[in-house]
Amino acid sequence: MNKKKVVIIDGYHLLHKGYYGSLKRKKIAINREGYLINAVYVFVANIFQLIQSNEYHTVIVTFDVGKECWRREIYPEYKATRKETPSDLIPQMQLVRDFLTSANIPWYEKVKFEGDDIMGTIARIAVKLGYQVDIVSNDKDTYQLVSEDVRIVSQQSKKCKQEIITTKEVIEKFGCKPCQIPDIKSLLGDQSDNIKGVRGMHYSTATKLISKYGCIENVYKNLNDFPEEQRKKLEQCKDQVLMNKQIARILKNVEIGRINFKPLKVNYIRFMGFLKREKMWAFTKMIEDKVQKQLAIREKRKAEEELKS
């Protein structure tokens, strides 16, 4: 029996991609208040495309909230080198939440947790309930969530083809199983997250170590196997490496309450209301027939109720 499919979208990845990808256009969309809505346009277009594909039982979006994060509490330098969010993207972050609420598309976030942790948690619950999961994200950290029932759908740029990442692709790209990605990252560090690894550690060495010992904890249990110089180097940065693994691992047990896995029922009437309010005329024609159908159903129900009374 084919399992029903759920898609989980990395909301901020989609927003940033839309923002930077459309900045070079001759005409950049603005709304009634004069705010830039270029990222909102791309966001809505992508969500609508996924709904229209009829491939998914439901569509779920996850977000980060603010700068506070449990990872930063452990390691204050975490992501410290990242650029500030552009000021004209900040209002768009609220607008996409308004859009999802209007259209009745479920979305989740939690203070002090990153969107990845929310995705990891929802994916785990979905698999437990018997769904297959696609995660739409370009963040390679999410590859650790890949399993028999979880795939990553990634498109690094417009020029690149869309990629489906399964366990096979993770092993080819990283030289390890999905669950071992935090171990590899703990040794190598990650410049984009400002995580410092073992100085002079090569990728091939890291993958060989994790392949042989299974995880970083086992590497440290077997330090006597190593030549003195390598052993000293690993011993010196043991605390950093173990902390790296802790912050590199995506959580799967965040308490976010009940997840709405009901079949997606888009409210096209309120979806249209949002589009008109934000002057997003390019989409109104696309959903006009769906709005008319929902209005007709609403009128029919109203008439039936009047007859009963």
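How each quantity is defined
Residues numbered from 1 in each chain as written. Predicted model: local features only at pLDDT ≥ 70, side-chain atom pairs only at ≥ 80, totals over all residues. Heavy atoms only, no water. Helix = DSSP H or I, 4+ residues; strand = E, 2+ residues; numbered from the N terminus. Buried < 20%, exposed > 50% of the residue type's maximum accessible area, 1.4 Å probe, protein only. Contact = heavy atoms within 4.5 Å. Axes fitted to C-alpha atoms, helices over the stretch in contact; angles between N-to-C directions. Parallel < 35°, antiparallel > 145°, perpendicular 65-115°, else oblique. Left-handed = near helix turned anticlockwise from the far one by under 90°. Domains from an automatic or database assignment. Buried area = accessible area lost by both parts, 1.4 Å probe. Salt bridge = Lys/Arg side-chain N within 4 Å of Asp/Glu carboxyl O. Polar contact = N/O pair within 3.5 Å; in protein donor to acceptor, adjacent residues only side chain to side chain. Pairing = 2+ DSSP bridges.

**Focus: the overall build of the protein chain**
- The helix and strand tally for the protein chain stands at 13 helices and eight strands.
- Taken over the C-alpha atoms alone, the protein chain extends approximately 85 × 50 × 35 Å along its principal axes.
- Counting over 309 residues, the protein chain shows a buried share of 47%.
- At a minimum sequence separation of 6, the contacts of the protein chain that also span at least 24 residues come to 68%.

**Focus on the packing of helix H1 (residues 11-22) against helix H2 (residues 38-52)**
- Between H1 and H2, the shortest axis-to-axis distance is 7 Å and the interhelical angle comes to 125 degrees. Relative to H2, the element H1 lies oblique. Taken as a pair, H1 and H2 cross one another with a handedness that is right-handed. Between H1, through Gly11, Leu14, Leu15, Gly18, Tyr19 and Ser22, and H2, the contact on the second element is made entirely by Asn38, Ala39, Val42, Phe43, Asn46 and Ile47.

**Considerations on the domain arrangement of the protein chain**
- The domain architecture assigned to the protein chain consists of domain 1 (5-174), domain 2 (178-248) and domain 3 (268-307).
- Computed from C-alpha coordinates alone, the two centres of domain 1 and domain 3 are separated by 27 Å.
- Listed by partner, the interface residues are 17 residues for domain 1 and 15 residues for domain 3.
- Taking both sides of the interface into account, the surface hidden between domain 1 and domain 3 amounts to around 1500 Å²; carbon and sulfur atoms contribute 67%.
- For domain 1, the biggest contributors to the area lost against domain 3 are Arg32, Tyr41 and Phe48; these three give 38% of the whole.
- Across the contact surface, domain 1 and domain 3 share one salt bridge.
- Residue Arg277 is joined to Asp98 by a salt bridge in which the shortest nitrogen-to-oxygen separation is 3.8 Å.
- In this structure, the connection of domain 1 to domain 3 is made through four residue pairs in polar contact (both at pLDDT 80 or more).
- The set of elements that each furnish at least two residues to the side of domain 1 that touches domain 3 consists of H2 and helix H4 (90-103).
- A per-element tally of the side of domain 1 that touches domain 3 places H2 first, with seven residues.

**Some words on the sheet that holds strand E5 (residues 150-154)**
- Taken in spatial order, the six strands of this open sheet run E3-E2-E1-E4-E5-E6, and their pairing is mixed. Whereas interior strands pair on both sides, the edge strands pair on one side only; in this sheet they are strand E3 (107-108) and strand E6 (163-165).
- Across four bridges, strand E4 (residues 132-136) lies against E5 in parallel orientation. The residue bridging Val133 from the neighbouring strand is Val150, located in E5.

**Comments concerning the pattern of salt bridges**
- Under the counting rule described, the total for this entry stands at 21 salt bridges.
- Between Asp149 and Lys3 there is a salt bridge, and its shortest N-O distance comes to 3.2 Å. One end of the pair, Asp149, is in the loop between E4 and E5; the other, Lys3, is in the segment before strand E1 (5-10), with 146 residues separating them in the sequence.
- For the salt bridge of Asp134 with Arg151, the shortest nitrogen-to-oxygen distance reads 2.8 Å. In this pair, Asp134 is assigned in strand E4 and Arg151 in strand E5, connecting sequence segments 17 residues apart.
- Here the residues in one salt-bridge network are Arg82, Asp141, Lys185, Asp190 and Asp193, joined through shared partners.

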